[in-house]
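Structure at a glance
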Amino acid sequence: MKYAVTFFSIILLMLSMGTIGQEKKPISNETFLQQSEIDGINGVALGIFAQKKVVDKHLRKYSILAHNDQVKVNNKLLLLAGKKNVSLPNILADPSLLKEIPVDMDMQFSSDETPDRVKNIFDVSYVKMMIEDYQNSVKFYESSLNTTDPDIKNHIHECLPVFRKNLQYAIRFTQQVVLARE
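Residues numbered from 1 in each chain as written. Predicted model: local features only at pLDDT ≥ 70, side-chain atom pairs only at ≥ 80, totals over all residues. Heavy atoms only, no water.

Comments concerning the confidence of the model for the protein chain
- Averaged over all residues, the pLDDT of the protein chain equals 77, while 68% of them reach at least 70.
- Within the protein chain, the element-level pLDDT minimum falls on helix H1 (residues 2-17), averaging 47, and the maximum on helix H3 (residues 57-83), averaging 90.
- The low-confidence segment residues 107-115, where pLDDT is below 50, has nine contacts with residues more than four positions distant or belonging to other chains. (pLDDT = per-residue confidence, 0-100. Helix = DSSP H or I, 4+ residues; strand = E, 2+ residues; numbered from the N terminus. Contact = heavy atoms within 4.5 Å.)

Thoughts on empty space enclosed by the protein
- This model, assessed by the stated rule, comprises one cavity of 30 Å³ or more.
- In this model, the largest cavity occupies a volume close to 40 Å³.
- If you trace the largest cavity, you find it lined by Ser36, Asp39, Gly40, Gln70, Ser137, Tyr141 and Phe163.
- Secondary-structure elements contributing two or more residues to the lining of the largest cavity are helix H2 (29-53) and helix H5 (116-143).
- The dominant element in the lining of the largest cavity, judged by the number of residues it contributes, is H2, at three residues.
- Of the residues that constitute the lining of the largest cavity, the class distribution is two nonpolar, four polar and one charged. (1 Å grid on protein atoms, 1.4 Å probe; cavity = no way out; pocket = protein on both sides within 12 Å on 5 of 7 lines; lining within 4 Å. Points joined across faces, edges and corners; volume = space filled by probe spheres on them. Nonpolar A, V, L, I, M, F, W, Y, C, P; charged D, E, K, R; others polar.)

Regarding the nonpolar core
- Grouped together as the largest cluster of nonpolar side chains are 33 residues, with contacts concentrated most on Leu33, Tyr62, Tyr126, Met130 and Tyr141.
- Looking at this core, the elements with two or more residues in it are H2, H3, H5 and helix H6 (150-181).
- When residues in this core are grouped by element, the largest group, nine residues, is from H5.
- The contacts of Tyr126, once residues within four sequence positions are left out, are Leu46, Ala50, Val54, Leu59, Tyr62 and Ser63. (Core = buried A, V, L, I, M, F, W, Y, C linked by side-chain atoms within 4.5 Å. Buried < 20%, exposed > 50% of the residue type's maximum accessible area, 1.4 Å probe, protein only.)

Some remarks on H2
- Along its 25 residues, H2 runs 36 Å from first to last C-alpha, staying within 8% of the 36 Å computed at 1.5 Å per residue.
- Those residues of H2 not exposed but buried are Phe32, Leu33, Ser36, Glu37, Gly40, Ile41, Val44, Leu46, Gly47, Ala50 and Gln51. (Expected span 1.5 Å × (residues − 1).)

Regarding the layout of surface pockets
- Within this model, the second largest pocket holds a volume of roughly 180 Å³.
- Along its surface, the second largest pocket is lined by 14 residues, and Asp39, Gly43, Gln70, Asp133 and Ser137 are the ones closest to its centre.
- Counting only elements with at least two residues in the lining of the second largest pocket, the list comes to H2, H3 and H5.
- With six residues, H5 is the single largest residue contributor to the lining of the second largest pocket.
- Grouping the constituent residues of the lining of the second largest pocket by class yields four nonpolar, eight polar and two charged.

Comments concerning the side chain of Asn166
- Tracing the backbone through its elements, the reader meets Asn166 in helix H6.
- A relative accessible area of 1% means that Asn166 is categorised as buried.
- Leaving out residues up to four positions away in the same chain, Asn166 has contacts with Tyr62, Ala66, Asp69 and Tyr134.

A look at the packing of H2 against H3
- Taken N-terminus to C-terminus, the directions of H2 and H3 make an angle of 150°; their axes are 9 Å apart at the nearest point. When the axes of H2 and H3 are compared, the pair comes out roughly antiparallel. Two packed elements cross with a definite hand, and for H2 against H3 that hand is left-handed. Contact residues: Leu33, Ser36, Glu37, Gly40, Ile41, Gly43, Val44, Gly47, Ile48, Ala50 and Gln51 in H2; Arg60, Ser63, Ile64, His67, Gln70, Val71, Asn74, Leu77, Leu80 and Ala81 in H3. (Axes fitted to C-alpha atoms, helices over the stretch in contact; angles between N-to-C directions. Parallel < 35°, antiparallel > 145°, perpendicular 65-115°, else oblique. Left-handed = near helix turned anticlockwise from the far one by under 90°.)

Here it is in structure tokens:
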């Protein structure tokens, strides 16, 4: 009975604070666009770095495709920000954030003398980072669906399937990379 009263008290406290049963207020267009810009920059930078470090050829191809998807999202985001008169100076400062990488599975990568088991540690870390980044992007975009701006809402509806697809691919790679590491 003591635990039931404590649990009930916590629920009442949460209700009084407005954390249960209330819809969040929509974030401003500017905040959405700027946060999306930060996420986009991180996604592209990680993709560029992964091209030099990923060992598994299938994961390398995935990293290129995910990178290119993020570049497409960044380009759409930049157009949308222009339409909304919101400045995204970080994307404009680095043109590489808006360029796709050609998909070429015969690319040559530096082959240092690091044992495969150690090289594969980056693959595992990369996949974990991708999962976390895509989960955060999906969560952020879904939580922003309550916007009243139709252009922002369209952007969210265009990008969510891309984020979900890449999240599913990253989850599949988790098992493959971890098994290969053992």
